[in-house]
Amino acid sequence: MRKSQPDSVSVPPAQRPGEALPGTASADLLTLIAQAIAANGGWLPFDRYMAMALYQPGLGYYANSSRKFGLMPQSGSDFVTAPELTPLFGRALAVQVAQALRESGTTEVFEFGAGSGALAEQLISALDALDQPLTRYTIIDLSGTLRERQALRLARFGERVSWASEWPAAMQGVVVGNEVLDAMPVQLLVRQPEGGWHERGVALGAAGQLLFADRPSELTIPFIDVEGGAVLPGMVTEIHPQAEAFMRSLAEHLQRGAAFFLDYGFPEAEYYHLQRHQGTLIAHRLHQVDHDPLGDPGEKDLTAHVNFTGIALAGQQAGLDVIGYTSQAHFLFNCGIAEMMAGAELRERAMGQKLVTEHEMGELFKVIAFATAGLQFNPLGFAHGDRMHRL
Ligand SMILES: C[S@@+](CC[C@H](N)C(=O)[O-])C[C@H]1O[C@@H](n2cnc3c(N)ncnc32)[C@H](O)[C@@H]1O
């Protein structure tokens with residue numbers, strides 16, 4: 001599960017681009033990263049490195065053909081997500097999506113970052129079972145190889161499923177994204193003893209290895225620098241301009257409807273807490289967490305937790321209304337997962353438990369919901385336990 005907390009972000013072991021893994025995609029990617037560093041004056045901001053490590057065409061983690069999603073490392077997978085665990089996840093989310101479709105008078109769903117297509121399969125099946133009209137299900141994913149996998153899995157739904165490689169011009173409908181925001185590149189900041197921040201980037205060592213390098217920066221973290229949040233010299237943390245820009249694009253393109261994002265993360269007071277003074281950036285490979293984001297780029301997932309306050313503000317300032325924020329457990333219970341589990345086979349019940357128990361995904365994972373201006377409704381997934389006041 002992509003949910004563990006980092007306790008350090010370490011400098012990686014020395015590795016020469018193109019030498020440690022000769023002939024592999026990782027070696028080719030290392031060469032491209034080394035070229036990008038050189039072309040940028042010897043230093044690449046971490047978000048640009050992360051974008052290459054995850055999305056460089058053909059070579060980045062989400063752009064290559066590795067398996068990624070699965071229950072166990074034996075399958076060659078690196079992590080499991082909620083829809084991979086059990087279809088109960090999509091069935092419960094469908095109850096919320098159906099309500100939002102009805103309330104907005106729309107019949108389209110847009111899924112960002114659809115992974116293996118598991119959630120799409122669950123949502124379409126469940127919406128059909130609920131007799132909820134669904135004219136089109138559009139997937140927007142940065143990954144071409146995942147798109148092929150999704151197409152195979154979703155073939156039986158025919159032309160109702162389509163793919164878009166960029167933002168659809170005028171969206172009317174319900175948007176969903178599970179573990180998408182955490183996969184967007186982050187910038188790293190390091191607190192200086194005299195105050196202020198350095199930006200952490202990636203450079204080449206004398207032996208050609210990738211290493212962290214910090215540079216003075218004008219960047220600020222308003223929660224700390226303006227509001228006076230606690231901070232320690234040496235603190236390493238992240239800011240999320242790409243995820244916030246994504247929210248602004250969503251506000252620009254969504255003409256009528258609602259959006260639901262499910263992911264791990266915190267409101268900013270918890271995010272920028274001394275407990276997390278080494279940040280939340282981590283890597284996943286073969287169901288193990290590591291703290292070496294510069295090692296073997298393209299061969300492991302990189303992710304940072306979501307600052308839900310930043311996401312809420314970005315959406316709100318761009319014209320969307322925040323209509324709900326709660327834990328995944330509260331959200332799924334509000335959508336009726338307990339009743340669904342009661343009628344399910346033992347294995348499904350056990351997997352459903354993982355979605356809602358506090359020490360698994362129930363508490364660390366959150367759900368945030370937005371609606372376009374003027375669309376007033378009380379989303380049923382937040383009926384009990386809404387935490388918007390904590391954002
Ligand atoms: C961790 S995976 C989650 C996959 C799937 N939602 C699941 O729950 O199994 C992240 C996905 O988000 C996609 N992604 C990241 N940034 C994106 C963006 N800006 N637009 C669309 N997809 C994006 C990645 O390509 C990848 O498929």
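See the structure printed just above.
Residues numbered from 1 in each chain as written. Predicted model: local features only at pLDDT ≥ 70, side-chain atom pairs only at ≥ 80, totals over all residues. Heavy atoms only, no water.

Asker: For this particular structure, what's the right way to read the nonpolar core?
Answerer: Grouped burial of nonpolar side chains is what soluble globular proteins tend to show. Counting residues in hydrophobic clusters, the biggest one holds 91 residues, and the most contacted among them are F46, Y49, V97, Y137 and L355. Apart from residues lying up to four places away in sequence, V97 is in contact with V109, L123, L127, V174 and V176. Core analysis: the next-biggest nonpolar cluster, separate from the first, contains 27 residues, V180, L254, A312 and I368 among them. (Core = buried A, V, L, I, M, F, W, Y, C linked by side-chain atoms within 4.5 Å. Buried < 20%, exposed > 50% of the residue type's maximum accessible area, 1.4 Å probe, protein only. Contact = heavy atoms within 4.5 Å.)

Asker: Help me out: how do you make sense of the pattern of salt bridges in this one?
Answerer: Once their charged atoms are close, side chains differing in charge can pair, the charge on each being opposite to the other. Within the structure shown, the criterion is met by 12 salt bridges. Its salt-bridge partner being E108, residue R136 comes within 3.3 Å of it at the nearest N-O pair. Here R136 is found in strand β5 (residues 136-140), whereas its partner E108 is found in strand β4 (residues 108-112), with 28 residues between them in sequence. The exposure class of R136 is partly exposed, given its relative accessible area of 39%. R387 is the partner of E363 in a salt bridge, and the nearest nitrogen-oxygen pair spans 2.9 Å. Highlighted residues: E363 in the loop between α14 (358-362) and β18 (365-372) and R387 in the segment after β18, separated in sequence by 24 residues. (Salt bridge = Lys/Arg side-chain N within 4 Å of Asp/Glu carboxyl O. Helix = DSSP H or I, 4+ residues; strand = E, 2+ residues; numbered from the N terminus.)

Asker: Honestly, the site of the ligand in this entry has me stumped. Any pointers?
Answerer: Taken together, 20 residues surround the ligand, and among them Y55, T81, G113, D141 and N178 come closest. Within the side chain of T81, a nitrogen or oxygen atom sits 2.6 Å from an oxygen atom of the ligand. Contact between the ligand and D141: an oxygen atom at 2.6 Å from a side-chain N or O atom of the residue. Burial of the ligand by the protein chains amounts to 95% of its free accessible area of 590 Å². Taken together, the residues of the shell around the ligand sort by class into 12 nonpolar, 5 polar and 3 charged. (Near = heavy atom within 4 Å. Polar contact = N/O pair within 3.5 Å; in protein donor to acceptor, adjacent residues only side chain to side chain. Areas by Shrake-Rupley, 256 points an atom, 1.4 Å probe, with all protein chains shown as cover. Nonpolar A, V, L, I, M, F, W, Y, C, P; charged D, E, K, R; others polar.)

Asker: What is the right way to look at helix α5 (residues 118-129) in this model?
Answerer: An α-helical turn contains 3.6 residues, so any two residues separated by three or four positions project in the same direction. With 12 residues, α5 ought to run about 16 Å at 1.5 Å a step, and its terminal C-alpha atoms sit 17 Å apart, in line with that. In terms of residue burial, α5 counts as a mostly covered element, since 9 of its 12 residues are buried. When we look at burial in α5, the residues that qualify are A118, L119, A120, E121, Q122, L123, I124, A126 and L127. Following α5 by one or two positions, D131 adopts a phi angle in the positive range, close to 60 degrees. (Expected span 1.5 Å × (residues − 1).)

Asker: Sorry if this is basic, but what is going on with unusual backbone geometry here?
Answerer: Glycine aside, negative phi is the norm for most residues, and most peptide bonds take the trans geometry. For D131, which is not glycine, the phi dihedral falls at a positive 60 degrees. On the secondary structure map, D131 appears in the loop between α5 and β5. Notably, D296 is not glycine yet its phi reads approximately 50 degrees, a positive angle. The topology assignment puts D296 in the loop between β14 (288-290) and β15 (301-303). Judged by relative accessible area, D296 falls into the buried class, the value being 13%.

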